[in-house]
Amino acid sequence: MTAIELSNIVFSYPGSATRQLDGFSVVVPSGKCTALLGPSGCAKTTVLRLIAGLEKPVSGTITMGGKVLADRGHFIEPEHRAIGMIFQDYALFPHMTVEKNVAYGLTGMPRSRVKERVGQVLELVGMADYLTRYPYQLSGGQQQRIAVARALAPDPEVLLLDEPFSNLDTNLRASVRQEIKSLLVSAGVTSVLVTHDEEDAAVLAENTVRMTAP
């Protein structure tokens, strides 16, 4: 079954006469990683934001698992989309411990279940012993793993990764990339990776969509 489908998407930012996307379509298969590969300015991050619900298309349809997320008369807000997102800068809260960062999105759960789920995802990313650490006490690679754990904690149907390795040096980038690949396979989650790096796409993605700047 198709996890995500964008069909004939037209998008421009408010006040802009330029269309960032004009009739864009893509299919993201279930349970696999699909890379959106291209240079800066090709609207690949815009596609990610449209999937997440952070932007609304001018026209076209976005579906996930056959359910309409956005079309001309219908729009599901980001918090109701069961989608996790990992940003370039990890977006960890500096004043919160690892445990609290990972638990942040687990609202409405009993406290005991939150603790259990945090433990599960930290075990998955190999960071179970870092509960009381703060982001500044972690390396770049460790922060990346915590960002993954936080995104996976609510058990999303889809995980979006926006240039997740851009802040890492070359050596660390290679090792963390392999770790994230293993985590995505272990979690069995459908994912969309935005990157300008051919190697990122080659290592992580089963499918690659090449995008070009207008």
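As recorded by an unreviewed UniProt entry, the protein chain carries the name ABC transporter ATP-binding protein and is attributed to Corynebacterium mendelii.

This brings us to the sheet that holds strand β9 (residues 190-195). With parallel pairing, the five strands of this open sheet are ordered in space as β7-β8-β9-β3-β10. Every interior strand has two partners, whereas the edge strands, β7 (83-86) and β10 (207-210), have only one. Put simply, the sheet's adjacent strands are angled 15° from each other on average, direction ignored. Seen against the sheet, helix α4 (residues 140-152) touches β7 and β8 (158-162) and runs at an angle of roughly 165° to β7.

Here we come to the side chain of K44. Within the element layout of this structure, K44 appears in helix α1 (residues 44-52). Of the side chains with opposite charge, E163 comes closest to the buried, unpaired K44, at an N-O distance of 4.0 Å. Setting aside its immediate chain neighbours within four residues, K44 contacts L36, L37, G38, P39, E163, V194, T195, H196 and M211.

Take the pattern of salt bridges next. Applying the stated criterion to the full structure yields 11 salt bridges. The partner of D200 in a salt bridge is R173, and the shortest N-O contact between them spans 2.8 Å. Taken together, the residues D200 in helix α6 (residues 198-204) and R173 in helix α5 (residues 170-187) connect sequence positions 27 residues apart. The exposure class of D200 is buried, given its relative accessible area of 1%. Classification of R173 as buried rests on a relative accessible area of 11%. Via salt bridges that share partners, R173, R177, D197 and D200 belong to a single interconnected network.

About the criteria used
Residues numbered from 1 in each chain as written. Predicted model: local features only at pLDDT ≥ 70, side-chain atom pairs only at ≥ 80, totals over all residues. Heavy atoms only, no water. Pairing = 2+ DSSP bridges. Helix = DSSP H or I, 4+ residues; strand = E, 2+ residues; numbered from the N terminus. Axes fitted to C-alpha atoms, helices over the stretch in contact; angles between N-to-C directions. Contact = heavy atoms within 4.5 Å. Buried < 20%, exposed > 50% of the residue type's maximum accessible area, 1.4 Å probe, protein only. Lys, Arg positive; Asp, Glu negative; His and termini not counted. Salt bridge = Lys/Arg side-chain N within 4 Å of Asp/Glu carboxyl O.

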